[in-house]
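# Inside the fold
Next come the chains, spelled out residue by residue.
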Amino acid sequence: VQLQASGGGLVQAGGSLRLSCAASGRTFSRYGMGWFRQAPGKEREFVAAISWSGRNTYYADSVKGRFTISRDNAKNTVYLQMNSLKPEDTAVYYCAADRRGGSLYRESYEYDYWGQGTQVTVSS
């Protein structure tokens with residue numbers, strides 16, 4: 001599976017962005033998907049995860065209520081809608097795929113495939 005993240009950019013605090021992660025391959029609909037982010041000088045951190053069906057989601061406390069993860073299996077795409085953005089959301093955002101699909105993981109080592117990252121910058 002190859003993952004291609006897009007949709008990052010520069011936005012003012014309080015604004016919104018929607019990230020997309022397009023996946024190649026016919027098995028996308030079986031995979032659990034996650035979003036992670038890494039700010040300069042910091043470790044990569046979990047943002048959100050979604051099960052293969054889309055019925056179950058899981059968020060980091062720092063983004064709960066502001067970010068929404070969703071997926072469209074017909075389009076082989078997972079999304080991250082980010083609202084009420086804050087300067088501390090500034091980071092490179094990565095999407096990742098978990099072949100097992102059924103559970104939701106917040107640890108990066110649980111994921112098998114990674115996209116290349118897209119930069120999100122939130123100005124104050």
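One can find the structure itself at the top, above this paragraph.
Being a predicted model, the structure only gives us computed values, none of them experimental.

### Considerations on the environment of V47
Positionally, V47 belongs in strand 5 (residues 45–50). Distance from V47 to S62, taken between C-alpha atoms, is 8.1 Å for residues 15 residues apart in sequence. Once you skip the residues sitting within four places of it in the chain, V47 turns out to touch W35, F36, R37, Y58, Y59, A60, V63, F67, L80 and Y93.

### Digging into the pairing of strand 8 (residues 77–82)
In terms of burial, strand 8 is a largely internal element, five of the six residues being buried. As paired elements, strand 7 (residues 67–72) and strand 8 share six bridges and run antiparallel to each other. Directly across from S70, in strand 8, lies its bridge partner Y79.

### Observations regarding the side chain of T118
Within the secondary structure layout, T118 lies in strand 11 (residues 118–123). Among the polar contacts made by the side chain of T118, one reaches the main-chain amide nitrogen of G8 at a distance of 3.1 Å. Among residues more than four places away in sequence, those in contact with T118 are A5, S6, G7, G8, L19, A91, V92 and Y93.

### A word on the state of the cysteines
Within this structure, the stated rule accounts for one disulfide. Covalently, C21 is tied to C95 through a disulfide, its sulfur atoms 2.1 Å apart. Here the S-S torsion is close to 65°, and the disulfide linking C21 with C95 is therefore right-handed. Here C21 is found in strand 3 (residues 17–23), whereas its partner C95 is found in strand 9 (residues 91–98), with 74 residues between them in sequence. Across this residue pair, the class does not change: C21 and C95 are buried.

### Focus: the nonpolar core
If you look at the biggest cluster of nonpolar residues, it comprises 36 residues, and the most contacted ones within it are M33, W35, L80, M82 and Y93. Not counting residues within four places of it along the chain, the set of residues in contact with Y93 comprises L19, W35, F36, R37, V47, F67, L80, M82, G117, T118 and V120.

### Some thoughts on the environment of E107
With respect to the helices and strands, the residue E107 is situated in the loop between strand 9 and strand 10 (113–114). For the pair formed by E107 and G65, sequence separation is 42 residues and the distance between their alpha carbons is 21 Å.

### Details of unusual backbone geometry
Unusually for a residue other than glycine, N76 sits at a positive phi of about 55°. As for its position among the elements, N76 is in the loop between strand 7 and strand 8. Judged by its relative accessible area of 19%, N76 is buried. In this structure, S84 takes a positive phi of about 50° despite not being glycine. Relative to the helices and strands, S84 is located in the loop between strand 8 and strand 9.

Definitions and cut-offs
Residues numbered from 1 in each chain as written. Predicted model: local features only at pLDDT ≥ 70, side-chain atom pairs only at ≥ 80, totals over all residues. Heavy atoms only, no water. Helix = DSSP H or I, 4+ residues; strand = E, 2+ residues; numbered from the N terminus. Contact = heavy atoms within 4.5 Å. Buried < 20%, exposed > 50% of the residue type's maximum accessible area, 1.4 Å probe, protein only. Pairing = 2+ DSSP bridges. Polar contact = N/O pair within 3.5 Å; in protein donor to acceptor, adjacent residues only side chain to side chain. Disulfide = S-S within 2.5 Å. Core = buried A, V, L, I, M, F, W, Y, C linked by side-chain atoms within 4.5 Å.

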